[in-house]
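A closer look at the structure
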Amino acid sequence: MRLPSAVPGLLAAAAVLLAACGVEADEPVFVAASTTSAAAPATTAPSAPPSASPSPTAPPGRPGQTKPGLLPPVVDHGPRTGNLVALTFDADMTDRMLAQLDKGSVTSYANVRIIEMLERDQVPATFFLTGKWVQRYPELTARLAGNPRFELANHTFGHQAFTAGCYDLPRIPSAAMTEDVAKTFKIIERYGGRQTRYFRFPGLCHDRAALRAMAPLGLTVVDGDVVSGDPFATSWKPIVNAVLKKVKPGSVVILHVTEANARFTDEALPHILRGLAERGLQPATLSEVLAG
Ligand SMILES: [Zn+2]
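Just so we're clear, the structure is a prediction, and the values are computed from it rather than from any experiment.

Rules behind the numbers
- Residues numbered from 1 in each chain as written.
- Predicted model: local features only at pLDDT ≥ 70, side-chain atom pairs only at ≥ 80, totals over all residues.
- Heavy atoms only, no water.
- Axes fitted to C-alpha atoms, helices over the stretch in contact; angles between N-to-C directions.
- Helix = DSSP H or I, 4+ residues; strand = E, 2+ residues; numbered from the N terminus.
- Parallel < 35°, antiparallel > 145°, perpendicular 65-115°, else oblique.
- Left-handed = near helix turned anticlockwise from the far one by under 90°.
- Contact = heavy atoms within 4.5 Å.
- Buried < 20%, exposed > 50% of the residue type's maximum accessible area, 1.4 Å probe, protein only.
- Arc of directions from axis to C-beta.
- Donors = N, O, S within 2.8 Å, 3.2 Å for Na, K, Ca; no water.
- Phe/Tyr/Trp six-rings, centres within 6.5 Å; stacked < 30°, edge-to-face > 60°.
- Core = buried A, V, L, I, M, F, W, Y, C linked by side-chain atoms within 4.5 Å.

Observations concerning the packing of helix 3 (residues 112-120) against helix 5 (residues 138-145)
Their axes nearest at 12 Å, the elements helix 3 and helix 5 cross at an angle of 20°. Classified by the interaxial angle, the pair formed by helix 3 and helix 5 is roughly parallel. Both helix 3 and helix 5 take part in a crossing whose hand is left-handed. Here Val112, Ile115, Glu116 and Glu119 of helix 3 come into contact with helix 5, specifically with Leu140, Arg143 and Leu144.

Quick notes on helix 2 (residues 95-103)
Burial in helix 2 covers these residues: Met97, Leu98, Gln100 and Leu101. Along the axis of helix 2, the buried positions cluster into a sector of 160°, meaning they face one direction only. Set apart from the buried face of helix 2 by more than 90 degrees, the exposed residues are Asp95, Arg96, Asp102 and Lys103. The inward-facing, buried residues of helix 2 contact helix 4 (131-136).

Details of the coordination of the zinc ion
Surrounding the zinc ion are the protein donor atoms Asp92 (OD), His155 (NE2) and His159 (NE2), which sit 2.1 to 2.4 Å from the metal. All donors of the zinc ion come from a single chain, and their spacing in sequence reads D-x62-H-x3-H. On the criterion of sequence distance, the pair formed by Asp92 in the loop between strand 2 (84-91) and helix 2 and His155 in the loop between strand 4 (150-154) and helix 6 (177-189) is long-range, its members being 63 residues apart. Like Asp92, the residue His155 is buried in the burial classification.

Notes on the packing of aromatic side chains
Within this structure, the stated rule accounts for six aromatic pairs. Pairing Trp133 with Tyr137 gives two aromatic rings, centres 5.1 Å apart and planes at 50°, and the pair type is tilted. Their ring planes at 65° and their centres at 5.5 Å tell us that Phe162 and Phe201 sit as a pair that is edge-to-face. Residue Phe162 is found in the loop between strand 4 and helix 6, and its partner Phe201 is found in the loop between strand 5 (194-199) and helix 7 (208-214); the two are separated by 39 residues along the sequence. Both residues of the pair, Phe162 and Phe201, belong to the buried class. Within the aromatic cluster, the residues linked to one another by ring pairs are Phe89, Phe127 and Phe150.

A word on the nonpolar core
Ranked by size, the top nonpolar core spans 47 residues in total, and within it Leu87, Phe89, Leu118, Phe127, Leu129, Trp133 and Val247 carry the most contacts. Ranked by the residues each element gives to this core, the list is headed by helix 9 (residues 265-278), at five residues. For Val247, the contacting residues outside a window of four places in its chain are Val85, Val226, Val253, Leu276, Arg279 and Leu281. With 17 residues, the next largest nonpolar core counts Val74, Phe201, Ala213 and Val221 among its residues.

So this is what it looks like as structure tokens:
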């Protein structure tokens, strides 16, 4: 996501926290047939209906599996047992970013060095793709889909805000939300590979109305419990520190593969991988991490 460079990382982390807290406060129970309340994901394993239980062989959910009126599950990490953690990379793309690419004021919103590093070291990862990023980088998308260690997930079509006051992102009309995300699943599915029904809101901004709009799609909303702050970073060190300070078994780490909007993520990545190994933590796909 394009975030104002003036916004400090702390504010972003607070906004992320508020987004999560808003959901927890507003939603009494968001998962059917579960005794776990919506506030649980912060401290316990995320609950999910059987139809949305992620596993390596059965991607979570299918369209139409969420009953009308029920909100989709929202998770921010997996079980705290074991030693798996999920590295997730968001691939944002807005009309403004596309215009910058067309003008030549920005060279790339796709950090190939990250992909090369993950491929070379055989590191599993999950990519949250916007439809517009996929359309701009079809070869890279095919490359991601062709890697059996990579999972593909949905980050909306054009990275618009699904709530008011979500950074400086232009807001999507409520009536367009469901189709925006449905369309993006279709765009990504054409590439095959390890498809999922995981979805992440831009800026992690969601409220009850946004969640309700996702209900027909049979998806699982994935926030994350480790915000790397890589779009704000002015060097690789704060990214590494932010990740290694918070990461624990079951963590979902939020990073970006957007190059010009997250310029130090590739430099940070080897240090993050080394730090995870030193802590006995092992990167895995989101399905594997959420399944424990
Ligand atoms: Zn984003």
